[in-house]
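Overview (structure and organization)
Here's the letter readout for the chains.
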Amino acid sequence: MATAAAASASEPEAEPAAGPKAEGEEDEVKAARTRRKVLSRAVAAATYKTMGPGWDQQEEGVSESDGDEEYAMASSAESSAGDYEWEYDEEEEKNQLEIERLEEQLSINVYDYNCHVDLIRLLRLEGELTRVRVARQKMSEIFPLTEELWLEWLHDEISMALDGLDRERVYDLFEKAVEDYICPNIWLEYGQYSVGGIGQKGGLEKVRSVFERALSSVGLHVTKGLAIWEAYREFESAIVEAARLEKVHSLFRRQLAIPLYDMEATFAEYEEWSEDPIPESVIQSYHKALQQLEKYKPYEEALLQAEAPRLAEYQAYIDFEMKVGDPARIQLIFERALVENCLVPDLWIRYSQYLDRQLKVKDLVLSVHSRAVRNCPWTVALWSRYLLAMERHGADHRVISVTFEKALNAGFIQAPDYVELWQAYLDYLRRRVDFKQDSSKELEELRSAFTRALEYLRQEVEERFNESGDPSCVIMQNWARIEARLCNNMQKARELWDSIMTRGNAKYASMWLEYYSLERAHGDTQHCRKALHRAVQCTSDYPEHVCEVLLTMERMEGTLEDWDIAVQKTETRLARVTEQRAKAAEKEAALVQQEEEKAEQRKRMRAEKKALKKKKKASGGDTRRADEEEEQGDVEEEQPSKRRRVENSSPLTGAVPHGEVDKGLSGTPAPVDVGPPSKQKEKAASLKRDMPKVPHDSSKDSITVFVSNLPYSMAEPDVKLRPLFEACGEVVEIRPIFSNRGDFRGYCYVEFKEENSALKALELDRKNVEGRPMFVSPCVDKSKNPDFKVFRYSTALEKHKLFVSGLPFSCTKEELEDICKAHGTVKDLRLVTNRAGKPKGLAYVEYENESQASQAVMKMDGMTIKENVIKVAISNPPQRKVPEKPEARRAPGGPMVPRQMYGARGKGRTQLALLPRALQRPGAAAPQAENGPAPCPAVSTSAATEAPKMTNADFAKLLLRK
């Protein structure tokens, strides 16, 4: 029997019999080991046989013939063990080492999902039935298991079930399985397995209970619910009792009232089975269900045609069900969507929010919240909602506290997430306190929690993220409010606010005014005055506001002496601030003036060169040579820091205007090989005479791609590139672009016969050609589409992708991928290079889901690779800056402010705008709309032209005016 084989496989190996030679003992040990491995495989094979379509009510699950076959396999394996013992030894040793590594990894990080899956797979392969059961139990306690993992576990346990006690354990396992996700296949297996125990006490009621629960769970499933209904009907039909016929009638009628696929066949089957005519009410319900099915079919067909995870299709289906408003169907479609999108936090939030606000069933609501945090433990919003739901439904305080501790160990990816979690828990503790009592156990617990929260943020969070996540000290502010308003303990509140100000918040006027409001409401005038005096001296962002509040208070409540002191302090402070702002404005104006002078100087030099060019033309000189010299001279004057690039330097990328195909992207001559002047002149003259202009037909842009960043030294680029692009489709023409001297400019146009070929050619982007990454982009006329940009990668927050910096330049893609694979499944890995193909020490690593990415951040950040300490963070690139149009940088009625005034790297983040407000408001204040500034009225062109222009002297007077 297979079960006996399983039992023998799980038992420890018997000691080898003593023999005359040590070698004989060793051979027998090896044979026993080999027999155990073959038996474990026989158990797995028998398991799948037993759970096939023909299985019905067998309790043992395997026939004797199957068992004989398995023992024959074992005997055969024993007899041939000598042939395979080396192979098995090597495989077993390799697997054991991998098992030890995975167990060690899980002891460090128990939330490594892939580690759990790999460990279960290897233990099952090695026949370690007891250890694989323990591994599965540990994983199921942390993560919800997929349908495939549950079915595999259930099949193994069913094959080893020997008696009624084992059957009860399998029942308990089925109950756990159906809690994780709504899976029709698991419910079907559950119903079929319960049929096998019908001979036991209460077996018939157990079977019906399982099938009824299955119908309530997945009976409304449009595509898969039919199997559950049919299995239930077949079971009832098999019971030979006249009283059971009404039960079958009831099942038919219930099924025909629900919109399911293949309803017509079910109705025909009912007509054939029933001896009496079908009642009219049943026919009406059937036709009504058919009409409803037509409404559901578009959404079901969209799911069938789309590829997993089909989130957009499920969202549309959910919106439809929400409009219809049937709670059972809404719950079902949410559950169906979560099977494929279990790692989408927003979907869990929407589902739990619906249950919290509409159904409000305690067991259902708490179950969904629990599953949500098990699937997406890195999402703080789910934990916060879970704590609120537990409090709302009266959960025990110890249970809520345990849940909060689990949340702290979930591994959030941002420091503010911990602040949000602590706030949710502290709010819960505050609501438990009865503040009418002077002292209570709940109040002491609340204060202890506040103290622990501050300590946790200071030690754990700051050490991990290099920031507390609470720069404004929101938690301390809440604590101070509770002490002042609810506990009447202003002394403790003042101590907390002193601590808040010493943490870098004393420079903000809003913080001082918040403290002042608290003192005003629950303190006294003396402390209010003291707080405002300190605020006047410390505030650096809006000192005028603080000064105004101080003077208002003294005007209402202070004495003459208090008023004089306040006026003196505010005037002194404002005078110092005005002086600082004036100096900053002068410095900024000087920079603007310098830039204007440089612009005027460049303008004069260009005018002089143009005049010189006209003079040379009039004198009858060599026009062509003069043109070339003047063109090069203009470029050198405008960009004195740039020098002519060498042969393999990088050309600029992007599509060139179609009317200037004979010039470079920047309008400058291409670099040339340095050689004897005579040869250069001969080569340039001959090539220029023979080089025709390259025409470009803009009507063929859809079948043309623009190729750039090619080496300047590439000889015959059309010949070398043709085999590469012919793999994408038939190439009509490759048009390389040459300079006036006949040198290749590093870019070309590739025209295909079909548009699909051009789209396929875009996949060759970044392909290495002669040591450089080749750029392939759509052919777009930038004169007609000036804002067109091609950027392949996302610029938004991607929680499943990591940004790695600090890599050694010698690190290869394969080496980094091997390191990243230890923390999850790597979908894509990209090393960032410059235009010449040289690495920058940066990389982007994309994982399957957010959980793997967050675990990789915790494990890889600070890792040393080839003596380089790398930094790893969630990918959140800065917004790509759109080039500012010149007219957008021109101040109203004033000169254009150049971008270069901030330096080569732009305006720093820490720079303050110290320009006086009088300069920031050159005209009348714009009217404010309800939700923001109203759009400015259009100014007529005549009025705009009549506005006088300001000279440098006028601008300087405006800056220095007080």
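Everything numeric here is computed off the predicted structure, so don't read it as measured data.

On to the overall build of the chain. Counting its secondary structure elements, the chain contains 37 helices and 13 strands. Looking at the chain residue by residue over its 962 residues, the buried ones come to 41%. Here the analysis covers contacts within the chain between residues at least 6 apart in sequence; of these, 64% occur between residues at least 24 apart. As displayed, the chain has an accessible area near 54300 Å², and 51% of this comes from carbon and sulfur atoms.

In the structure shown here, the tally under the stated rule is 47 salt bridges. For Asp180, the salt bridge identified is with Arg374, shortest N-O distance 3.3 Å. Placement of the pair is Asp180 in helix H8 (residues 164-180) and Arg374 in helix H18 (residues 362-375), with a sequence separation of 194 residues. Note on accessibility: Asp180 and Arg374 belong to one class, buried. Connected through salt bridges with shared partners, the residues Arg124, Arg136, Glu152 and Asp156 form a single ionic network.

Once that is clear, we can look at the packing of helix H12 (residues 245-256) against helix H13 (residues 263-273). The geometry of H12 relative to H13 is characterised by a closest axis approach of 10 Å and an angle of 155° between their N-to-C directions. With respect to each other, H12 and H13 are oriented roughly antiparallel. The hand of the H12/H13 crossing is left-handed. On the side of H12, the interface is formed by Leu245, Val248, His249, Phe252, Arg253, Gln255 and Leu256, while H13 contributes Met263, Thr266, Phe267, Glu269, Tyr270 and Trp273. Grouping the constituent residues of the contact of H12 with H13 by class yields eight nonpolar, three polar and two charged.

Next up on the list: the packing of aromatic side chains. Applying the stated rule across the entire model yields 33 aromatic pairs. Seen from their ring centres, Phe174 and Tyr190 are 4.7 Å apart, and the 0° between their planes marks the pair as stacked. Taken as a pair, Phe174 in helix H8 and Tyr190 in helix H9 (residues 184-195) lie far apart in primary sequence, 16 residues in all. For the ring pair Phe404 and Tyr425, a centre distance of 3.9 Å and an interplane angle of 5° mean the geometry is stacked. Placement of Phe404 in helix H20 (residues 397-408) and of Tyr425 in helix H21 (residues 415-432) is noted, with a sequence separation of 21 residues between them. Assigned by exposure class, Phe404 and Tyr425 land together as buried. Among the aromatic side chains, those forming a connected cluster through ring pairs are Phe404, Phe412, Tyr418, Trp422, Tyr425, Tyr428, Tyr456 and Phe465. We note Arg167 situated over the ring of Tyr193; from NZ or CZ to the ring centre the distance is 4.3 Å. Seen from the ring of Tyr171, Lys206 lies directly overhead, with NZ or CZ sitting 4.6 Å from the centre.

Attention shifts here to the nonpolar core. Counting residues in hydrophobic clusters, the biggest one holds 156 residues, and the most contacted among them are Ile186, Leu421 and Trp422. Aside from chain neighbours lying at most four places away, what touches Trp422 is Phe404, Leu408, Ala449, Arg452, Ala453, Tyr456, Leu457 and Ile475. Grouped together as the second largest cluster of nonpolar side chains are 20 residues, Ile413, Leu829, Ala853 and Met860 included.

Next up on the list: the sheet that holds strand E6 (residues 798-805). Judged by pairing direction, the sheet is antiparallel, and its four strands sit side by side in the order E7-E8-E6-E11 without closing on themselves. If you trace the sheet from one side to the other, it starts and ends with strand E7 (826-833) and strand E11 (871-875), each paired once. Across this sheet, the average inter-strand angle for adjacent strands is 25°, counted without regard to direction. Of the pairings in the sheet, the one linking E6 to strand E8 (residues 839-847) comprises four bridges and is antiparallel in character. Its bridge partner being in E8, Lys801 is matched across the sheet by Glu846. Relative to E7, helix H33 (residues 813-821) is tilted by about 140°, and along the sheet it contacts E7 and E8. The sheet contacts of helix H34 (residues 850-860) involve E6, E8 and E11, and relative to E6 the element is tilted by about 25°.

For the pair helix H17 (residues 345-359) and H18, interaxial distance at closest approach is 10 Å and the crossing angle is 165°. Considering the angle they form, H17 stands roughly antiparallel to H18. By crossing handedness, the relation of H17 to H18 is classed as left-handed. Packed against H17, whose contacting residues are Trp348, Tyr351, Ser352, Leu355, Asp356 and Leu359, the element H18 presents Leu364, Val365, Val368, His369, Arg371, Ala372 and Asn375 at the interface. In the contact of H17 with H18, the residues fall into eight nonpolar, three polar and two charged.

Take the sheet that holds strand E1 (residues 704-708) next. As summarised here, the arrangement of the five strands in space is E2-E3-E1-E5-E4, forming an open sheet in which the pairing is antiparallel. With partners counted over all chains shown, the strands left at the sheet margins are strand E2 (731-738) and strand E4 (767-769), one partner each. Looking at each pair of strands side by side, their axes are set apart by 30° on average, direction ignored.

Looking at chain direction, E2 and strand E3 (residues 744-752) are connected through six bridges and run antiparallel. Paired with Val731 across the strands is Phe752, a residue of E3. Remark: five residues form the turn of the hairpin made by E2 and E3, two consecutive strands paired antiparallel; Gly742 in that turn has positive phi of roughly 90°.

With respect to the secondary-structure elements, Leu173 resides in helix H8. Note: C-alpha distance between Leu173 and Tyr190 (17 residues apart in sequence) is 9.9 Å. Once you skip the residues sitting within four places of it in the chain, Leu173 turns out to touch Trp150, Trp153, Leu154 and Glu157.

Another aspect to go through is the side chain of Ser217. Note that Ser217 resides in helix H10 (residues 203-218). Residue classification places Ser217 among the buried residues on the basis of a relative accessible area of 18%. Here the side chain of Ser217 touches Trp187 through a polar contact of 3.3 Å, side chain to side chain. Apart from the residues within four sequence positions on either side, Ser217 is in contact with Ile182, Trp187 and Leu332.

Moving on, we get to unusual backbone geometry. The peptide bond linking Ala308 to Pro309 adopts the cis configuration, its omega dihedral lying at 10°. Within the secondary structure layout, Pro309 lies in the loop between helix H14 (280-305) and helix H15 (311-324). Phi is positive for Asn488, close to 55°, though the residue is something other than glycine. By secondary structure assignment, the location of Asn488 is in the loop between helix H23 (474-486) and helix H24 (490-505).

This part takes up the confidence of the model for the chain. In this model, the chain carries a mean pLDDT of 78, and residues with pLDDT of at least 70 account for 72%. Contacts of residues 1-26 to residues separated by more than four positions or lying in other chains number 38 contacts, the stretch itself having pLDDT below 50. Note on residues 28-84: pLDDT under 50 across the span, and 84 contacts to partners over four residues away in sequence or across chains.

So, on to helix H26 (residues 525-538). With 14 residues, H26 extends 20 Å between its outermost C-alpha atoms, agreeing within 8% with the 20 Å of an ideal straight helix rising 1.5 Å per residue. The set of residues buried in H26 consists of Cys528, Arg529, Ala531, Leu532, His533, Ala535 and Val536. Buried residues along H26 sit in contact with helix H25 (509-522), helix H27 (543-557) and helix H28 (560-618). Of the residues that open H26, the one with a side-chain oxygen 3.3 Å from the backbone nitrogen of Gln526 is Asp524.

The end-to-end C-alpha distance of helix H6 (residues 129-142), which contains 14 residues, comes to 21 Å, matching closely the 20 Å that a straight helix rising 1.5 Å per residue would cover. Residues Leu129, Val132, Ala135, Arg136, Met139, Ser140 and Ile142 constitute the buried set of H6. Projection of H6 onto a plane perpendicular to its axis shows the buried side chains occupying an angular sector of 160°, all on one side. Exposed residues on H6 whose side chains face more than 90 degrees from its buried face are Thr130, Lys138 and Glu141.

The rules we used
- Residues numbered from 1 in each chain as written.
- Predicted model: local features only at pLDDT ≥ 70, side-chain atom pairs only at ≥ 80, totals over all residues.
- Heavy atoms only, no water.
- Helix = DSSP H or I, 4+ residues; strand = E, 2+ residues; numbered from the N terminus.
- Buried < 20%, exposed > 50% of the residue type's maximum accessible area, 1.4 Å probe, protein only.
- Contact = heavy atoms within 4.5 Å.
- Areas by Shrake-Rupley, 256 points an atom, 1.4 Å probe, with all protein chains shown as cover.
- Salt bridge = Lys/Arg side-chain N within 4 Å of Asp/Glu carboxyl O.
- Axes fitted to C-alpha atoms, helices over the stretch in contact; angles between N-to-C directions.
- Parallel < 35°, antiparallel > 145°, perpendicular 65-115°, else oblique.
- Left-handed = near helix turned anticlockwise from the far one by under 90°.
- Nonpolar A, V, L, I, M, F, W, Y, C, P; charged D, E, K, R; others polar.
- Phe/Tyr/Trp six-rings, centres within 6.5 Å; stacked < 30°, edge-to-face > 60°.
- Lys NZ or Arg CZ within 6 Å of the ring centre and 35° of its normal.
- Core = buried A, V, L, I, M, F, W, Y, C linked by side-chain atoms within 4.5 Å.
- Pairing = 2+ DSSP bridges.
- Polar contact = N/O pair within 3.5 Å; in protein donor to acceptor, adjacent residues only side chain to side chain.
- pLDDT = per-residue confidence, 0-100.
- Expected span 1.5 Å × (residues − 1).
- Arc of directions from axis to C-beta.

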